Structure formats: structure tokens, C-alpha cells
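Next come the chains, spelled out residue by residue.
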Amino acid sequence: MILILFCIFLFIVFYTYLGYGILLWVLVKIKGFFSPSNKPDLNTDLPEVTLLIAAYNEEDIVADKINNTWQLDYPAEKLHIVWVTDGSTDGTVNKLKSYNDVRVLHEPERKGKTAAINRSMIYINTPIVVLTDANAMLNPESIKEMVILFADDKIGCVAGEKRMNMGSKDTASSSGEGIYWRYESMLKYLDYRLYSVIGAAGELYAIRRDLFVHIPDDTLLDDFVVSLKIAMKGYKIAYCPQAYATEYGSESMQDEEKRKVRIAAGGIQATWRLRSLLNIFKYGVLSFQYISHRVLRWTITPLALFALLPLNILLCVQYPELILLTILLILQCVFYLLGFAGYINSKKEIKNKVLFVPYYFLFMNINVLKAYSYLIKNNTGVWEKAKRKSS
């Protein structure tokens, strides 16, 4: 019985982090052989677009973000800039009001980002809305590249790419997150090639305004839920790596832990609230991708991962003649030791990317377990902003 459980857990962990990516690559290759992808129509008339920027106490970044929006390659008469601030207590609002081409939607009461986005949509009537964060800098072509994909009527949302700016100091948090997002970007690309991206990242994504649905104000992952709600209506979420948002990694692993716990808590919350999406008979490929890419990471897999070591020890005692079990135990011990060495190096600020990988991997999964406690204690959708690195 223990051996069967160990094999099941081992398969779940392998499939979640490597197997799904391999299977996805194979399926995309097969699909590409039978149905070559169509390129978007580059001659499409550009529609009016609203760039919605969410901000909370971003006084220090306002000028940089405004300059970034001025550099966007999109017709000025068709691009509307709207900032929504929720409970900002610093000089963010006053700074924004000094710019004539910016519309500011400010509420003194802090209810969280989701509530801010919900109320801001009432004032937006352009067919396309691009959502981004104040601390995320966009490349000049980003909006145009995303809007072009909406020429396909089946596309209801377009996810941009998130890139990490390591700054002058390459820490465990920024290096680990950078590696993680490069892998995530590859999976998003393959997900889209197969059918649809599974959720957009709030740093940069675009939606059709008429497909937006208000979601509960206490939603922790507004970007993920908003985009998947659109996908559940039968539309696809496209992936556009030519449109990217660059932001700095967390200042420390302590700040990164706060962020990862909140994201994992949001994932667990979303898994329950989007539970109808688990019905593969209704949603088909979308459901398969959702379970494989997201649900397993936020539910079963972290538990399976940390159960493998004690189960492996028990099996080695029970079946000492099985060499494969001994090899697996040694490999697990080595991996945990490398992760611990990465933890020690991060404390001493020693740069070693080889050790950052096992450390960050274990770090992410531990934070999923911590997320359950966070979800019980926090039910408002409001969180403490993690500190970000600067150049």
C-alpha cells in the first residue's frame, strides 16, 4: 500500500513540474502538423484602448510610469490613460493630478485591488482594456501587439509576458523568480499553441470590455479569475510575448514569501470558486490545461512532494533489496541538502544560481502550505505590499 502511494505521489510531482510540459510540447507538435497556426492580420484598424493602471501608495514610481506610458507606440487619440488608486495615503493622487492627460479614479477607503478594478470598469467604455500595475514598465510596442490579436473573434483576453529586472544585485528572490517566470512563459506559450493560456498575470493583460464580469471584492488573484471567467464563456486567452512588463524582484526572501503565500492563497481560493472548471466533460481541453498547469500546483502536489521523503525512508526499511528506492532516497536527500545550502547562501548574500533553483522550488511549495493559514486569516482581499528592489 505504501509503495503504491509513493508511486502515485512521485508521478503527481513529476507530472506537475516536468511531465505536463513534456506532454504539452508533444501535443503542440502534433497539432501543428495537422493544423498550422494562422498569423494575425497586421492591417487591422486599431481600436480605442484604455490603459488601466492600478496603484496603491506608488508616489515614488508615478513619474517613471507616466514617462513609460508616453513612450507607448499607439495613436495618442485612441489611448486613454486611467489610474485607479485604492486607499493611497501618500502623495500618489496629488502627483497624478498634475498630469493633464491622466484620469484618476481615487477612493480614500482601501478595499483592495479587486474592488478598485470592479468600480473602475463602470467608467470605461472603450472596446479593449489593458490592465497593468504601477510598478510594471511596458515595452513601447506592447499595447499594439496585444490589440492585434483581438482581430480573432475567438480571443477574449491577451496575456502579456512578465519579465524580471534583476537590478544591480542578483539575490535568491530575484534569481529564483526570474528562472520560474522563464519556465512559466514557456508553458504559457505552449498552452496557447494547444488551446488557451491558463490565466493572465496582472502585470500586463488585455480584455474585451464587454466580457468583463465583476468578481467578489475579496478575490486575491483578480487577474487569474477575471481572465479565466472570460475563457469559461468560450473565448481563448492568447499569449503575446512581444508585449512584456518588466518589474523588479522582491527586495528579500521575506518579502517574496509574503507575495508567494498570498498568490498561493489566491490560487487555492480560485480553485474553489472556479470549481465548475474542473468539469472536463464541459470544458474539455481548457479543463485539462487548468488542472494540469494550475490546480495540481495549488492543491495536491505540495503535499505529495513533502510526503515522498518519509514514505521513501519507510520503503527502504521495508524493501532494502530494491536498489531503485535507495537511489531515489539519495537523490531526494541531495536535493534537500542543495536547497538548504541555497538557503544559507541567500542569508549570506552569496550568488549561486545552481543552489537558487532547489531552494526556490522548495520555498514555493512550502509557501503553498502556509497559504491555507493565510486564507483563513485574511478574507478581505487586501494585502501588505511587498518591498521591491530598485536599480
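In what follows, the accompanying structure is described. (Residues numbered from 1 in each chain as written. Predicted model: local features only at pLDDT ≥ 70, side-chain atom pairs only at ≥ 80, totals over all residues. Heavy atoms only, no water.)

Take the packing of aromatic side chains next. Taken as a whole and assessed by the stated rule, the structure comprises 13 aromatic pairs. Geometrically, the ring pair formed by F11 and Y15 is stacked, given 5.9 Å between the ring centres and 20 degrees between the ring planes. Residue F11 and its partner Y15 are both found in helix 1 (residues 2-34); the two are separated by four residues, about one turn of the helix. Judged by its relative accessible area of 52%, F11 falls in the exposed class. Y15 gets classed as buried once you look at its relative accessible area, which sits at 14%. (Phe/Tyr/Trp six-rings, centres within 6.5 Å; stacked < 30°, edge-to-face > 60°. Helix = DSSP H or I, 4+ residues; strand = E, 2+ residues; numbered from the N terminus. Buried < 20%, exposed > 50% of the residue type's maximum accessible area, 1.4 Å probe, protein only.)

To continue, consider the pattern of salt bridges. By the definition in use, this model includes nine salt bridges. R297 is the partner of E184 in a salt bridge, and the nearest nitrogen-oxygen pair spans 2.7 Å. Linking E184 in helix 6 (residues 172-194) with R297 in helix 10 (residues 285-298), this pair joins segments that are 113 residues apart in sequence. Each member of the pair, E184 as well as R297, carries the same accessibility label: buried. One salt bridge in this structure joins D218 and R273, with 2.9 Å as the shortest N-O distance. Separated by 55 residues along the polypeptide, D218 in the loop between strand 7 (204-208) and helix 7 (222-231) and R273 in helix 8 (residues 253-273) bring together distant segments of the chain. Given the relative accessible area of 22%, D218 is considered partly exposed. When salt bridges with common partners are traced through the structure, they connect K162, E203 and E247 into a single cluster. (Salt bridge = Lys/Arg side-chain N within 4 Å of Asp/Glu carboxyl O.)

Counting residues in each nonpolar core, the largest one holds 47 residues, and the members touching the most others are M121, I207, F224 and L228. Every residue in contact with L228, bar those within four places of it in the chain, is listed here: I198, G199, I237, L274, L277 and Y290. One finds Y74, I81, L138 and C240 within the second-largest nonpolar core, a separate group that totals 32 residues. (Core = buried A, V, L, I, M, F, W, Y, C linked by side-chain atoms within 4.5 Å. Contact = heavy atoms within 4.5 Å.)

These figures capture arrangement, not role.
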